[in-house]
Amino acid sequence: MLTTEKVIAMTEQLNADFAATRNAAAKTPWWSNAVVYQIYPRSFQDANGDGIGDIPGITRRLPYVAELGIDVIWLCPMYVSPQDDNGYDIADYQNIDPMFGTLDDMDELLRTAHNLGLKVIMDLVVNHSSDEHAWFIESRDKTSDKADWYWWRPAKEGHVPGEPGAEPNSWGSYFGGSAWTYDPQRGEYFFHQFSAKQPDLNWERPELRQAVYEMMNWWMDRGIDGFRMDVISQISKTLDSRGMLPGTDGSDKQIYPVGSDGYSSPFDFCTDGPRLDEFLHEMYEAVFAGREGFLTVGEGPGISITRAAHITNPDSEELDMLFLFDHVGIDDDGPAGKWSVVPWKVRDLRNVFAGYEEIVRDGGWTSLFYCNHDQPRVVSRWGDDTTEELRSRSAKALGLVLHMHKGTPYIYQGEELGMTNAGFTSLDQYRDVESLNHYRQYVEEAGILTHDEMMNALALKGRDNSRTPMQWDDTAYAGFIDEDAGQAPWISVNANKEVINAKRQQDDPDSVYHFFKRLIELRHTKDIVVAGDWELIAQNSDSVYAFTRRLGNESLVVVANLSSDTVELPTEVAELVGEPLNERVLITNQDAALTCEELQDRHLRPWTAFAYILG
């Protein structure tokens, strides 16, 4: 294991080496060949033995992250919060929740990260706040200067406030139930797309926006390197001609009919609204103009490819890149949304990622990801974790496909180990508010799904699958917390920690960890991986995902059999490769000679994946 001092020396040398490749193409910014590592603090490392991960724990593990080759860490929220939605309900934007540590701890994390050559971006949640934030508490008073910093509306005409049916319109929350909650103190309802403890902020108010920008500048001046902006595409709402929310009394804009759950979706009226570009550019001018070396990435549900290209075009001065979510919807189709699970298809994944590459082609940039704190583990979702061999091969194959695209890859903690879904079988094992609320709504109230159907869906796609503790070693709590601490982790450790853990994989040159380390190295050292043109090939294959990368006189073909069956090599690939040579295999998830044998035989074994240098 490398010491902190050795990692610092290694990073300084790498930074010097990167200087020659950071501008592989004209106007290519520093983050074009960077790799970002997402940390979910409560599940990463517990330093004080209370069962919850914390900032000192993160700081302790930063040498591991640097050794992997990571350039940027993204920290999920650690602000003061009631933790209704695990920190995405913020009660104080300028302080650290005591469960994670202190501002002094955060300053120490920043110093250590920067000494290791790591940039740090923080989650920014400003579509909504907690209902315990001072802004919301003041807003409950109609005479306050913050009275309209949130979306307040009276009860529906002719109804008794607070009683069922009196909500201003029929919008439902994405977490289940109505999107409106009655506040007796104010005598009105407030709007919340998510939990009732996450009221939406009213970005129409310039005073609110300025308060947000002041807070962002405060963090930037403290030393962070940027923000990942939670559901930032939803800060601008579509209003009617009189500035009213659709479907409310007196509004001239109608909303959708209610669905089988009894609610209408607010999504289209709250996504990519008419003032989004204005707000994002204003934010850029107020916070980032004149600064260097920062990164801004927005979570952009509902943003189209065309709009993403505009928002992320440097000339727009809005955001550096976006997370889009079309690909995470390829395995759901039905009345229960993502819980109506259907088999995924390789061609669907290909088609979506081809759209993401259009963003880059059209002058913008894209984020490359499978996993995060809201998504299950990709090796369980789209790979094959039925055997250890298939788990390893499929984790590597999926990783290779992602990291060889043009864009900025994001690795979620444990993804570099091929960590799997949690394996929960009982509802009481889950902690996630979305999962528990939707079980109640879809099973107990609406009867859309049976108990078994919902439990199967939770096991495959529930958010807690990605939130089990990081598996550092094979001890009782996987090294997340000292086994003698006397306190179990806040959520159960995956039972497969004895087989899947960082310590074991760091000692195994054939591991998923070392494969990801090689992928990161290629992005740092190969201009073609950063800046090469991308083109999809073999589009008729049901199992093979293949594309080329070209830069000047260099060209690569990237090929992966994303199935557990032996399949034919697409003719297009065979013709490009010709007579296979071991030395032309840039990277593969098996021996190079075996890959060439499969190319010669024109068949691919289950989950074979490689990048091959073309002549």
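Residues numbered from 1 in each chain as written. Predicted model: local features only at pLDDT ≥ 70, side-chain atom pairs only at ≥ 80, totals over all residues. Heavy atoms only, no water.

The protein chain is annotated in an unreviewed UniProt entry as Oligo-1,6-glucosidase of Schaalia odontolytica. Word for word, the UniProt comment on the protein chain under Sequence similarities (unreviewed entry) is "Belongs to the glycosyl hydrolase 13 family." (UniProt positions renumbered as here; feature names shortened; annotations may be inferred.)

When helices and strands are counted, the protein chain shows 17 helices and 20 strands. What you see for the protein chain is a C-alpha radius of gyration of 24 Å, in line with the 25 Å of a compact globule of 615 residues. In terms of overall dimensions, the protein chain has a C-alpha envelope of 80 × 55 × 50 Å along the principal axes. Counting only residues that meet the buried cut, the protein chain has 61% of its 615 residues in that class. Excluding contacts between residues fewer than 6 apart, the proportion of contacts in the protein chain whose partners are at least 24 apart in sequence is 70%. When the accessible area of the protein chain is evaluated, it comes to approximately 22800 Å², of which 46% is carbon and sulfur surface. Each charge class in the protein chain was averaged separately, 53 positive and 100 negative side chains, and the resulting centres sit 2 Å apart. (Helix = DSSP H or I, 4+ residues; strand = E, 2+ residues; numbered from the N terminus. Rg over C-alpha atoms; globule rule 2.2 N^0.38 Å. Buried < 20%, exposed > 50% of the residue type's maximum accessible area, 1.4 Å probe, protein only. Contact = heavy atoms within 4.5 Å. Areas by Shrake-Rupley, 256 points an atom, 1.4 Å probe, with all protein chains shown as cover. Lys, Arg positive; Asp, Glu negative; His and termini not counted. Charge placed at Lys NZ, Arg CZ, Asp CG, Glu CD.)

Our focus in this paragraph is the side chain of Glu 416. Here Glu 416 lies in the loop between β13 (408-412) and α11 (433-445). Side chain to side chain, Glu 416 and Tyr 37 meet in a polar contact 2.9 Å long. Apart from the residues within four sequence positions on either side, Glu 416 is in contact with Tyr 37, Tyr 64, Leu 68, Ile 411, Met 470, Gln 505, Val 512, Tyr 513 and Phe 516. (Polar contact = N/O pair within 3.5 Å; in protein donor to acceptor, adjacent residues only side chain to side chain.)

With that out of the way, let us pick up the nonpolar core. In terms of nonpolar packing, the biggest core is built from 157 residues, with Tyr 37, Met 106 and Met 216 touching the most fellow members. Of the residues that make up this core, three or more belong to each of domain 1 (128-200 + 238-266) and domain 2 (529-613). Counting 18 residues, the second largest nonpolar core, distinct from the first, contains Val 573, Ala 574, Leu 599 and Phe 610. (Core = buried A, V, L, I, M, F, W, Y, C linked by side-chain atoms within 4.5 Å. Domains from an automatic or database assignment.)

Moving on, we get to the packing of α11 against helix α12 (residues 451-461). For the pair α11 and α12, interaxial distance at closest approach is 10 Å and the crossing angle is 155 degrees. Considering their axes alone, α11 and α12 lie roughly antiparallel with respect to each other. Crossing geometry of α11 relative to α12 is assigned as right-handed. Facing Ser 435, His 438, Tyr 439 and Val 443 of α11, the residues of α12 in contact are His 451, Met 454, Met 455 and Leu 458. Each residue belonging to the contact of α11 with α12 can be placed in one class, and the counts come to 5 nonpolar, 3 polar and no charged. (Axes fitted to C-alpha atoms, helices over the stretch in contact; angles between N-to-C directions. Parallel < 35°, antiparallel > 145°, perpendicular 65-115°, else oblique. Left-handed = near helix turned anticlockwise from the far one by under 90°. Nonpolar A, V, L, I, M, F, W, Y, C, P; charged D, E, K, R; others polar.)

A few words now on α11. The set of residues buried in α11 consists of Val 433, Glu 434, Ser 435, Asn 437, His 438, Tyr 439, Gln 441, Tyr 442 and Val 443. Tucked inside the fold, the buried residues of α11 contact α12. The opening residue of α11 is Asp 432, an N-cap whose side-chain oxygen sits 3.3 Å from the backbone nitrogen of Glu 434.

What follows concerns the environment of Pro 206. With respect to the element layout, Pro 206 can be found in helix α5 (residues 206-222). We classify Pro 206 as partly exposed; its relative accessible area is 35%. Taking the C-alpha atoms as reference points, Pro 206 and Trp 149, 57 residues apart in sequence, are found 9.3 Å from one another.

Another point: the state of the cysteines. A full pass over the atoms with the stated rule returns 0 disulfides. For the unlinked cysteine Cys 371, the closest cysteine sulfur is that of Cys 76, found at 13 Å. (Disulfide = S-S within 2.5 Å.)

Moving on, we get to the packing of aromatic side chains. We describe a pair of aromatic rings using the distance from one ring centre to the other and the angle between the two ring planes. For the structure shown, the criterion picks out 38 aromatic pairs. Note on Phe 175 and Phe 194: the rings are 5.6 Å apart at their centroids and 70 degrees apart in plane angle, and the pair reads as edge-to-face. With Phe 175 in the loop between β6 (152-153) and β7 (180-183) and Phe 194 in the loop between β8 (188-191) and α5, this pair connects stretches of sequence that are 19 residues apart. An identical accessibility class is assigned to Phe 175 and Phe 194; each is buried. For the pair Phe 353 and Tyr 356, a centre-to-centre distance of 5.2 Å together with 70 degrees between the ring planes defines the contact as edge-to-face. Residue Phe 353 and its partner Tyr 356 are both found in helix α8 (residues 346-361); the two are separated by 3 residues, about one turn of the helix. Of the residues examined, Phe 353 reaches a relative accessible area of 2% and is grouped as buried. Put simply, the rings of Tyr 79, Tyr 93, Trp 135, Trp 149, Trp 218 and Trp 219 pair up and form one aromatic cluster. In this arrangement the basic side chain of Arg 42 is found over the ring face of Trp 490, its NZ or CZ atom lying 4.7 Å from the centre. (Phe/Tyr/Trp six-rings, centres within 6.5 Å; stacked < 30°, edge-to-face > 60°. Lys NZ or Arg CZ within 6 Å of the ring centre and 35° of its normal.)

In terms of domain boundaries, the protein chain breaks down into domain 1 (128-200 + 238-266) and domain 2 (529-613). On a C-alpha basis, the centres of domain 1 and domain 2 stand 52 Å from each other.

A word on the side chain of Lys 237. Secondary-structure assignment places Lys 237 in the loop between β9 (226-229) and α6 (276-288). Within polar-contact distance, the side chain of Lys 237 engages the side chain of Asn 127 at 3.1 Å. A distance of 2.8 Å separates a polar side-chain atom of Lys 237 from the backbone oxygen of Gln 234. When residues no more than four places from it in sequence are discounted, the contact partners of Lys 237 are Asn 127, Trp 151, Phe 191, Gln 193, Asp 200, Leu 201, Leu 245, Phe 269, Cys 270 and Pro 274.

Quick look at the confidence of the model for the protein chain now. Of all residues in the protein chain, 96% attain a pLDDT of 70 or more, and the chain-wide mean is 94. Counting contacts from residues 10-26, a segment whose pLDDT is below 50, to residues more than four positions away or on other chains yields 23 contacts. (pLDDT = per-residue confidence, 0-100.)

Packing of α5 against α6 brings their axes to within 9 Å, and their N-to-C directions diverge by 40 degrees. Considering the angle they form, α5 stands oblique to α6. Here α5 and α6 pass one another in a crossing that is right-handed. For the pair α5 and α6, contact is made by Arg 209, Gln 210, Tyr 213, Met 216, Asn 217 and Met 220 and by Phe 279, Glu 282, Met 283, Ala 286, Val 287 and Phe 288, respectively. A breakdown of the residues in the contact of α5 with α6 according to their chemical character gives 8 nonpolar, 2 polar and 2 charged.

The next subject is the sheet that holds strand β11 (residues 321-323). Spatially, β11-β10-β9-β5-β2-β1-β13-β12 is the arrangement adopted by the 8 strands of the open sheet, whose pairing is parallel. Lying at the two open borders of the sheet, with one neighbouring strand each, are β11 and β12 (367-368). Bridge count for β12 against β13 is 2 bridges, and the pairing is parallel. Paired with Ser 367 across the two strands is Thr 408, which belongs to β13. Sheet strands in contact with helix α2 (residues 55-68) are β1 (36-39) and β2 (72-75), and its direction is about 155 degrees off that of β1. (Pairing = 2+ DSSP bridges.)

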